[in-house]
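# Survey of secondary and tertiary structure
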Amino acid sequence: MHGVINLYDPLLYPKVSQGSMAPGPHVAESWKVDPDGRTYTFKIRRGIKFHDGTELTADDVVFSMQRMLALKKGFSWLWLNLLDPKDVKALDRNTVQFRLSQPFAPFLSTLTQLFVVNKKLVLANKKAGPYGDNGDYGEAYLTNAEAGSGPFQLSSYERSTILELKRFPDYWRGWKPGQIEKVVYRVVKEEATMRTLLTSGQADMIDQWRTPVTYEQLAKAPGVVVDEKPSAQLFHIQMNTQRTPLNNIHVRKAIAMAFDYDTAIKQIFKGALQARGPVPLAAWESYDISSKDLDKYGIVAYKYDLEGAKKELQLSGFKPGQIQLNYVFPEGGNLQRQAGLLLQSSLNQLGIKLNLQELPWARIVEMSASESSTPDLAAIFDTLKYPHPDSHTYGMYHPSAWGSYRTISRYSYPVVTALLERARRATDPEKQMELYLQATGLVVKDYPSIYVANPMHRVALRDNVKGYRYVGLLGYDVAFYDFTVSR
């Protein structure tokens, strides 16, 4: 994703300059939505050039969406049941129309993930494949090449090793003095090596996936700054609501009440915000939803109450010593391990045995695919997939989404299902948000997860690197076009 955001342009872009994740103009400079909520017409900005000099037109946007629908990969799941390829049309050289099968409230938000490819270049490099005249849709070619219009061009690429980018001189947003001309993105597996490269000035920036302790240490190093902000990410411990005894709400509530949230926030996540339900607070704020609004719908933070947890366990009909559960977390996931140990300690006091299992991430994803292998509990970090509350409501709690690591809870409540479906179909923005709030409030009351934290997002940079800003959407914070470096 870090390469994509620098090599390609999406149809819409979060309103970063306004401090919002809500979608704003980018390749599309304007749009209108018909009253039925199904027809979206976009005006494509004139003068955008691909890296081979070809002008980006409506045909390229149509091709990019139809290619996504055909390949059924990446973010195509956002549109597969919503758009028929024949309903994506270029009305003229600079006008695109999408006709949805039904109203879809977060549609504009999802278009921040539609990156436009150069139709002419892709088809010139197609190989034989299963997509008729489109061959393989350029899949083999784009494994080691690019066909974008973004601010940077690909210089060299070695999978899992190094990615080098150079400035595209004809980028449509223009260039100012001090902006970056070249980017070298290097994969370094050893954290100690990574720290040394940064503190010695051999690297300008490291990624966001280090522990809070590492960033604390780096913040004290000369010449290094650590940028930290509340993230649009949820850390939660999902509970499989379809399996005994977790299909009993009193058991789930007892487990959630036994978790020590204050200790987790202060000692494990180091300053994170305590989560209020599944939707990261930043996502609500982008739609002007306040804390008072969340209170009104019962979207509150869970509280540690061991005595209350014991009472809930009594109400469940299970006795201490009768429950044994498995908690899975990804290999190398130190934060997930610490959260598991904290929960294990509390559950011991309830007479519930919790077994911790560290597994390869691929194995957890595989287990999540079927009901029989889905784990009892799983520690999951879940970042917004598109800037809308729908990402962490429908995408996690509608039964049609079951089968992924995002839906290990396998939650199903017909009232919530209906509310989420109505929310997606609602054409009035205020009504949409009201329905999402109602659904989220009901989910919170059902305890399908232990909602722990919206962790702090941290990156470490040299102090001569300016322009970094956290966006909250996958990869958008490393849009190097915004950066300057003084030497």
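Residues numbered from 1 in each chain as written. Predicted model: local features only at pLDDT ≥ 70, side-chain atom pairs only at ≥ 80, totals over all residues. Heavy atoms only, no water.

## Considerations on the layout of surface pockets
Using the following cut-off: The distinction between a cavity and a pocket rests on a 1 Å grid over the protein atoms alone: a 1.4 Å probe fits inside a cavity but cannot get out, while a pocket stays open yet meets protein on both sides within 12 Å along at least five of seven lines, and a residue with an atom within 4 Å of a point counts as lining. Grid points are joined across faces, edges and corners, and a volume is the space filled by probe spheres set on the points. Runs of E in the DSSP output that reach at least two residues are strands. Runs of H or I that reach at least four are helices, and both are numbered from the N terminus.
By volume, the largest pocket amounts to about 1,200 Å³. What lines the largest pocket is a set of 39 residues, among which Gln 208, Trp 209, Gln 233, Gln 336 and Phe 381 lie closest to the centre. Counting residues per element, the ones that place at least two in the lining of the largest pocket are helix H1 (2-7), helix H6 (212-219), helix H12 (334-350), strand S16 (377-383) and strand S18 (456-462).

## Points about the sheet that holds strand S10 (residues 205-206)
What counts is decided by this rule: Whether two strands pair depends on DSSP finding at least two bridges between them.
Taken together, the three strands give an open sheet; going across it, the order is S10-S18-S11, and neighbouring strands pair in antiparallel fashion. The open sheet has two edge strands, S10 and strand S11 (224-230), and neither has a second partner. Pairing of S11 with S18 involves seven bridges; the strand directions are antiparallel. Considered in S18, the bridge of Val 224 is made with Arg 462.

## Some remarks on the side chain of Arg 458
Short version of the rule: Here's how the labels work: a residue is buried when its accessible area is under 20% of the maximum for its type, exposed when over 50%, partly exposed in between, all with a 1.4 Å probe on protein chains only. Any pair of N or O atoms that falls within 3.5 Å is considered a polar contact. Within protein, one atom must be able to donate a hydrogen and the other to accept it, and sequence-neighbouring residues count only if both atoms are side-chain atoms. Whether two residues are in contact is decided by their heavy atoms, any of which lying within 4.5 Å being enough.
As for its placement among the helices and strands, Arg 458 is situated in strand S18. Here Arg 458 falls in the buried class, since its relative accessible area comes to 8%. A distance of 2.4 Å separates a polar atom in the side chain of Arg 458 from the backbone oxygen of Lys 270. Excluding residues within four positions of it along the chain, Arg 458 makes contact with Asp 207, Gln 208, Pro 212, Tyr 215, Val 226, Asp 227, Glu 228, Phe 269 and Lys 270.

## Observations concerning the nonpolar core
Heads up, the condition is: For this analysis, a nonpolar core means a set of buried residues of the types Ala, Val, Leu, Ile, Met, Phe, Trp, Tyr and Cys, connected via side-chain atoms within 4.5 Å.
In this structure, Ile 255, Leu 343 and Ile 450 are the most contacted members of the largest nonpolar core, which totals 101 residues. When residues in this core are grouped by element, the largest group, seven residues, is from helix H16 (residues 429-446). Every residue in contact with Leu 343, bar those within four places of it in the chain, is listed here: Ile 237, Ile 255, Phe 259, Tyr 327, Leu 354, Leu 377 and Ile 450. The next biggest cluster of nonpolar side chains, apart from the first, holds 32 residues, and it includes Leu 12, Phe 42, Met 68 and Phe 107.

## Looking at the packing of aromatic side chains
Convention followed: Working definition: a ring pair exists when centres of Phe, Tyr or Trp rings (six-membered ring for Trp) sit within 6.5 Å. Plane angles under 30 degrees give stacked, over 60 give edge-to-face, the rest tilted. We call a charge positioned above a ring when the Lys NZ or Arg CZ atom is no farther than 6 Å from the ring centre and deviates by at most 35 degrees from the ring normal.
In the structure shown here, the tally under the stated rule is 25 aromatic pairs. Ring plane angle 85° and centroid distance 5.5 Å describe the contact between Phe 42 and Phe 98, whose orientation is recorded as edge-to-face. Residue Phe 42 is found in strand S4 (residues 39-44), and its partner Phe 98 is found in strand S6 (residues 95-99); the two are separated by 56 residues along the sequence. Residue Phe 98 is classed as buried on the basis of its relative accessible area, which comes to 0%. With a centroid separation of 6.3 Å and 70° between ring planes, the pair formed by Phe 269 and Phe 381 is classed as edge-to-face. With Phe 269 in the loop between helix H8 (261-268) and strand S13 (273-274) and Phe 381 in strand S16, this residue pair connects regions lying 112 residues apart in the sequence. With a relative accessible area of 2%, Phe 269 lands in the buried category. Classification of Phe 381 as partly exposed rests on a relative accessible area of 23%. Pairwise contacts between aromatic rings join Trp 31, Tyr 40, Phe 42, Phe 98 and Phe 107 into one cluster. Seen from the ring of Trp 175, Arg 167 lies directly overhead, with NZ or CZ sitting 4.3 Å from the centre.

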